[in-house]
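Each chain, letter by letter, is given below.
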Protein chains: 2
Amino acid sequence: MAATNKWMPTSFNFHPTRLAMEIDEPAATQKNAQLLLARGWGWLKGLLGKCMNKAVKVAKSTKKLGQDDPRRVIHSLKVGLALTLVSLLYYWRPLYDGFGVSGMWAVLTVVVVFEFTVGATLSKTLNRGFATFFAGALGLGAQHLACLFGDRGQPIVLGTLVFLLTAASSFTRFIPRIKARYDYGVLIFILTFSLVTVSGYRIEEILQLAHQRFSTILIGGATCILVSIFVCPVWAGEDLHKLIASNLEKLANYLEGFGGENIEGVVSDDDKKLLQGYKSVLNSKSTEESSANFARWEPGHGRFQFRHPWKQYLKIGGLARKCAYHIEALNGYDINSHIQEPSEIQNKIRESSKKMSSESSKALKELALAIKTMADPSAANPHVENSKTAINDLKTALKAATLENVDVLAIIPIASVASILIEITRCVEKISESVHELADLAHFKSVDPSVSPEKPLLLHRGTVKPVLLEGDSDSDDHVVITVHGNYVDSRENEVTQAPNTAKRLGQV
Amino acid sequence: MAATNKWMPTSFNFHPTRLAMEIDEPAATQKNAQLLLARGWGWLKGLLGKCMNKAVKVAKSTKKLGQDDPRRVIHSLKVGLALTLVSLLYYWRPLYDGFGVSGMWAVLTVVVVFEFTVGATLSKTLNRGFATFFAGALGLGAQHLACLFGDRGQPIVLGTLVFLLTAASSFTRFIPRIKARYDYGVLIFILTFSLVTVSGYRIEEILQLAHQRFSTILIGGATCILVSIFVCPVWAGEDLHKLIASNLEKLANYLEGFGGENIEGVVSDDDKKLLQGYKSVLNSKSTEESSANFARWEPGHGRFQFRHPWKQYLKIGGLARKCAYHIEALNGYDINSHIQEPSEIQNKIRESSKKMSSESSKALKELALAIKTMADPSAANPHVENSKTAINDLKTALKAATLENVDVLAIIPIASVASILIEITRCVEKISESVHELADLAHFKSVDPSVSPEKPLLLHRGTVKPVLLEGDSDSDDHVVITVHGNYVDSRENEVTQAPNTAKRLGQV
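Residues numbered from 1 in each chain as written. Chains lettered and ligands numbered in written order. Predicted model: local features only at pLDDT ≥ 70, side-chain atom pairs only at ≥ 80, totals over all residues. Heavy atoms only, no water.

With respect to the overall build of chain A
A tally of helices and strands in chain A yields 18 helices and 3 strands. Each of the 508 residues in chain A was classed as buried or not, and the buried ones make up 49%. The long-range fraction of contacts in chain A, counting pairs at least 24 apart against all pairs at least 6 apart in sequence, stands at 76%. (Helix = DSSP H or I, 4+ residues; strand = E, 2+ residues; numbered from the N terminus. Buried < 20%, exposed > 50% of the residue type's maximum accessible area, 1.4 Å probe, protein only. Contact = heavy atoms within 4.5 Å.)

What follows is the structure, given as structure tokens:
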């Protein structure tokens, strides 16, 4: 019995029947052992099954991660490529004899410096390069100074210098502007300075080390920059550009859907999910800021020049976020629970709200399209004007309205919706202004004046894309939703040409 | 003439009179030279003055940075201390003979691993330690495997392994859960694995190197952990705890001020600035999440046990942010422009709004206080109930209201305010629920039942703190603002006992 138990898996679940079996008759021992074995086997099978399930789940979510943005897979291969290139320093004898162990610094540089976007890689490489250079020079100076104090004084002077410079540099990392752009540089400055001052005592040795280290860092950094720029580059600036346009589209989708909701009265759950795209705008501030920071380091590429007005994107992004806050407030209302037998005034308010919502949506879509195609954004102007007219119409209608036999309780929600939509319309007006500013600053091309200013055809541009909704990680279904005649991808929000122009939301 | 010009500063501004002087009579040469010198001197003086101004400005903003949070200064000194301790490895001969150049890794570890909070330092140290260990072991295995392929096959096998493992590891850094907690570990894994496989060919050498490197990393890491825990520790968990409480207080301040605004009709600009404290809540998501991530690594400290329910703080933070979105929508309204000759119904709505606003504010203050003092949050319950009663009262009043001779246009804004406040009240109710959950999970102590449930005295706890408003970086004025008898610091929101209990907002 005891021997049987010794071979049982240690994590076997303790069970009251086991105790009962142990005080059983010795004749039943073999049967019990078989029973235990069978149970152990069942447990093992269960465990294996669970592990398999877990592994399949992880594999699926990993696959989805790659499918969502294939650039991630390419980035991983690029890191592998850069590292393999640099490790040639070791494998190739003539190079190894030249650099020796210092080749390590090239490997280290590649691993630490290679980032997803070109801007981030450039920022880190340049920070690392300059910081190493200056800290190395300063470290040599410190060594020279310390030599003057004799053998006993030298460690004390060096220790004091390291302490002071490290403390001071660490503090500068709290300064917001330095934290945003030069944080890594300061870190490497501290690192190199301490290594140089602390490491050895003889200056000739240090000079040779510094030379080797600096040149290997240069090799590593150059490899990173070349690979990141010339092998399927990912530009932080382009990402920011697309993010801002897609944020405007997400807001537009909500407002379009909100207008639709008001007309039809019923919306499916899937559409509601689609409409929630604006929620990602609420928290996009940090992404926008870091992208803008990295974009500044990038050279001119494609449609973007070196001094592209990235700051203006942050301004538009901020206004879009403000608009998203208002939409979040709007999202609290369930309009449909209050539309049984609407009174005259309710109908008036709803009609104006619908107009504000749809015109703002159209204006935002035009603005997003103008940013995407880098074209003149004046096609949005008529829609902005229309939504302003809707506000005035509402005011006029309300002034003339009679309020007898009206349920005040029923008016309050619809009045709030109208009021919030007025705020949103004002927000959209401001967004339109700053997109116009951007068009001026970045010299967006103006459109052929022979095309009508409304440009209805431009609205239906783009590529057809399969849509995979959040939370559907287990199924591979492609969901395509038609919103007012446009395919809308919930993730990328690419407005695409629809085969028919059904006016209803939600053909899944 | 030419000689004089040669000595002029090269960046001297070109001026048309200079050209005129050059074709002047030679008799005037000396006078011209004097004139130029005087002008150059003036230019130099201006430049020096500008530099001085800039330096003074930088010094002032740096001083302010230290004054805002003195822990920043202490942190910088701690980094200096840890680095000086580790550099003893070099200065102290017996130690140096033991470790040799590997001591460098200790310095490197300290610089890279030492972070502001204990949690961040622990997270980085443990990530670095474990990643180095596993990658080192795996690297040795890879070396061993490659040896089997002979001298010519070895580099090819190693190169392939490095490429595959690097690409795979780089890809895992995109998985959100790994990015949040083990990003640094994966980086170090790639780094160590490539260094070990690539660096040398003989395994005995590598073993010795690995041993030295690992022990020096241990020394560096241990130094960081000890210094960060035992010298004025900054706990990420405590920061999160305080941040959530202060966010609730910021919302409460706005609502309190909004109630005041409604009564008095006029608010000064300074108060408006103070009321904008809630804006920081809008963008606190990333701070909260990273704090919660680091807090998980921290051992029990002070009032917090090892498995403190940090996730619950994120839930409360999320609800507070939702509330802040509604407040942002509320902030769009200028109530005061519509209160000339208010009608009966306007008065009723305003009265209810005032009550919802002030009761929600009181509830939030009680909840913030309960979190701060880790006490039972049930003192907030009556205020939550009161605000719910205010909603019902409003509904009853509106049902009975007559709407003859009422300006609809004037009702809409006040109705929207009421409507948004109803949403806020619901939000506050949810916040209250999750603070109660937190109190259960974290075993907050229940208060002595002999104290009345309203606990009016507890509201006036804390320390008096000077307030420096944002944007006042040039002046050193300390602004103290009295809000309903409490000093409120716009940055820290510490509620402090006031000498008098004036009911008006804004005694600057």
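Still to come is the rest of the account.
Side note on the packing of helix α7 (residues 118-147) of chain A against helix α8 (residues 150-172) of chain A
All names here are of chain A. Running from N to C, α7 and α8 point in directions that differ by 145 degrees, and their axes come no closer than 8 Å. Pair α7 / α8 crosses with right-handed handedness. Facing α7, whose interface residues are Leu-138, Ala-142, Gln-143, Leu-145, Ala-146 and Cys-147, α8 presents Gly-150, Gln-154, Val-157, Leu-158, Leu-161 and Leu-165. (Axes fitted to C-alpha atoms, helices over the stretch in contact; angles between N-to-C directions. Left-handed = near helix turned anticlockwise from the far one by under 90°.)

What about the environment of Gln312(B)?
Residue and element names in this part refer to chain B. In this structure, Gln-312 sits in helix α15 (residues 310-330). A C-alpha to C-alpha distance of 9.7 Å links Gln-312 and Ala-292, two positions 20 residues apart in sequence. Apart from residues lying up to four places away in sequence, Gln-312 is in contact with Ser-434, Glu-437, Leu-438 and Leu-441.

Quick notes on the nonpolar core
Leu248(A) and Leu248(B) are the most contacted members of the largest nonpolar core, which totals 125 residues. Of all hydrophobic cores here, the second largest spans 74 residues; its members include Ala135(A), Tyr91(B), Val110(B) and Ile217(B). (Core = buried A, V, L, I, M, F, W, Y, C linked by side-chain atoms within 4.5 Å.)

As for the relation of the copies chain B and chain A
Superposition of chain B onto chain A requires a rotation of 180 degrees combined with a translation of 0.0 Å along the rotation axis, giving an RMSD of 0.1 Å. The symmetry that links the two subunits is that of a two-fold axis. Of the C-alpha atoms belonging to chain B, the one lying closest to the rotation axis is found on Ser416(B), 2.0 Å away. The residues that chain B uses at the interface reappear at the interface of chain A in 100% of cases, marking a shared surface. (Least-squares fit on C-alpha atoms with pLDDT ≥ 70 in both.)

Quick word on the confidence of the model for chain A
All names here are of chain A. Mean pLDDT over chain A works out to 76, with 73% of the residues at or above the 70 mark. Scored below 50 in pLDDT, residues 1-23 makes 20 contacts in the model with residues more than four places away or belonging to other chains. In this model residues 448-508 is a low-confidence stretch, pLDDT under 50, and it forms 121 contacts with partners more than four residues away in sequence or in other chains. (pLDDT = per-residue confidence, 0-100.)

A few points about the pattern of salt bridges
Tallying each qualifying case throughout the model produces 31 salt bridges over all chains. Here Lys242(B) ties to Glu238(B) by a salt bridge, and the two come within 3.7 Å at their closest N and O atoms. Of this pair, Lys242(B) and Glu238(B) both sit in helix α11 (residues 236-264), 4 residues apart, which is roughly one turn of the helix. Take Lys242(B): its relative accessible area is 46%, and that puts it in the partly exposed class. Overall, the relative accessible area of 25% leaves Glu238(B) in the partly exposed class. Connected through salt bridges with shared partners, the residues Asp69(A), Arg71(A) and Asp239(A) form a single ionic network. (Salt bridge = Lys/Arg side-chain N within 4 Å of Asp/Glu carboxyl O.)

Regarding the packing of aromatic side chains
According to the stated counting rule, one finds 20 aromatic pairs over all chains in the structure shown. Considering the side-chain rings of Phe189(A) and Phe193(A), the 6.4 Å spacing of their centres and the 5 degrees angle between planes classify their relative orientation as stacked. Of the two residues, Phe189(A) and Phe193(A) both sit in helix α9 (residues 176-199), 4 residues apart, roughly one turn of that helix. You can call Phe189(A) buried: its relative accessible area is 19%. Residue classification places Phe193(A) among the buried residues on the basis of a relative accessible area of 3%. An aromatic cluster of at least three residues, connected via ring pairs, comprises Phe116(A), Phe171(B) and Phe174(B). Residue placement shows Lys124(A) over the ring face of Tyr184(A); its charged tip is 4.7 Å from the ring centre. (Phe/Tyr/Trp six-rings, centres within 6.5 Å; stacked < 30°, edge-to-face > 60°. Lys NZ or Arg CZ within 6 Å of the ring centre and 35° of its normal.)

Some words on the interface of chain B and chain A
With 71 residues of chain B in contact, the opposing surface of chain A contributes 71 residues. Interface area for chain B against chain A, summed over the two sides, is near 6800 Å², with a carbon-plus-sulfur share of 75%. There are 0 salt bridges connecting chain B and chain A. The interface formed by chain B and chain A contains 4 residue pairs in polar contact (both at pLDDT 80 or more). The element best represented in the side of chain B that touches chain A is helix α4 (residues 71-91) of chain B, accounting for 13 residues. A class-by-class count of the residues in the side of chain B that touches chain A yields 43 nonpolar, 18 polar and 10 charged. (Buried area = accessible area lost by both parts, 1.4 Å probe. Polar contact = N/O pair within 3.5 Å; in protein donor to acceptor, adjacent residues only side chain to side chain. Nonpolar A, V, L, I, M, F, W, Y, C, P; charged D, E, K, R; others polar.)

Section: the packing of α8(A) against α4(B)
Interhelical geometry of α8(A) versus α4(B) gives an angle of 145 degrees and a closest axis separation of 8 Å. The element α8(A) and its partner α4(B) pack so that their crossing is right-handed. Side by side, α8(A) and α4(B) meet where Pro155(A), Leu158(A), Gly159(A), Val162(A), Phe163(A), Thr166(A), Ala167(A), Ser170(A) and Phe171(A) of the first sit next to Arg72(B), Val73(B), Ser76(B), Leu77(B), Val79(B), Gly80(B), Leu81(B), Leu83(B), Thr84(B) and Tyr91(B) of the second.

Topic: a nonpolar patch on the surface
Residues Leu81(A), Leu85(A), Leu88(A) and Trp92(A) make up a contiguous nonpolar surface patch of about 390 Å² in total accessible area. Note that Leu85(A) resides in helix α4 (residues 71-91). (Patch = residues over 30% accessible without salt bridge, like charges linked within 9 Å, V, L, I, M, F, W, Y side chains within 5 Å. Areas by Shrake-Rupley, 256 points an atom, 1.4 Å probe, with all protein chains shown as cover.)

Here we look at the state of the cysteines
Counting across every chain of the model gives 0 disulfides over all chains. Free cysteine: Cys323(A), not disulfide-bonded; nearest cysteine sulfur from Cys427(A) at 4.6 Å. When its relative accessible area of 0% is taken as the criterion, Cys323(A) is described as buried. Sulfur of Cys232(B): no disulfide; nearest cysteine sulfur belongs to Cys224(B) and is 16 Å away. Note on Cys232(B): relative accessible area 43%, which makes it partly exposed. (Disulfide = S-S within 2.5 Å.)

A look at helix α16 (residues 344-373) of chain A
Under the 1.5 Å per step criterion, the end-to-end length of α16(A) is 43 Å for 30 residues, consistent within 8% with the ideal 44 Å. Backbone geometry just after α16(A) places Met374(A) at a positive phi near 50 degrees. (Expected span 1.5 Å × (residues − 1).)

A look at the side chain of Thr125(B)
All names here are of chain B. Looking at the secondary structure, you find Thr-125 in helix α7 (residues 118-147). According to the relative accessible area criterion, Thr-125 is buried, its value standing at 11%. Within the structure, Thr-125 has its side chain in polar contact with the backbone oxygen of Thr-121 (distance 2.6 Å). Sequence-distant contacts of Thr-125, that is, excluding residues within four places in its chain, are made with Val-113, Gly-221 and Ile-225.

Side note on α8(A)
Its 23 residues give α8(A) an end-to-end C-alpha distance of 32 Å, which sits within 8% of 33 Å, the value for a rise of 1.5 Å per residue. Those residues of α8(A) lying buried are Gly153(A), Gln154(A), Val157(A), Leu158(A), Gly159(A), Val162(A), Thr166(A), Ala167(A), Ser169(A), Ser170(A) and Phe171(A).

With respect to the environment of Leu248(B)
Residues and elements named next belong to chain B. Turning to its location among the elements, Leu-248 is positioned in helix α11. Here Leu-248 falls in the buried class, since its relative accessible area comes to 0%. Considering only alpha carbons, one finds Leu-248 and Ile-431, 183 residues apart in sequence, at a separation of 9.1 Å.

Quick notes on the environment of Val234(A)
With respect to the helices and strands, Val234(A) occurs in the loop between α10 (203-230) and α11 (236-264). In this structure, Val234(A) is in contact with Arg71(A), Lys78(A), Phe116(A), Thr117(A), Val118(A), Ser228(A), Asp239(A) and Glu298(A), ignoring residues within four places of it in sequence.

Overview of unusual backbone geometry
Of note, Cys232(A) is a non-glycine position whose phi angle comes to about 40 degrees, a positive value. Position of Cys232(A) relative to the elements: it lies in the loop between α10 and α11. With a phi close to 50 degrees, His443(B) is a non-glycine residue in the positive phi region. Along the chain, the position of His443(B) falls in the loop between α18 (408-441) and β1 (482-483).

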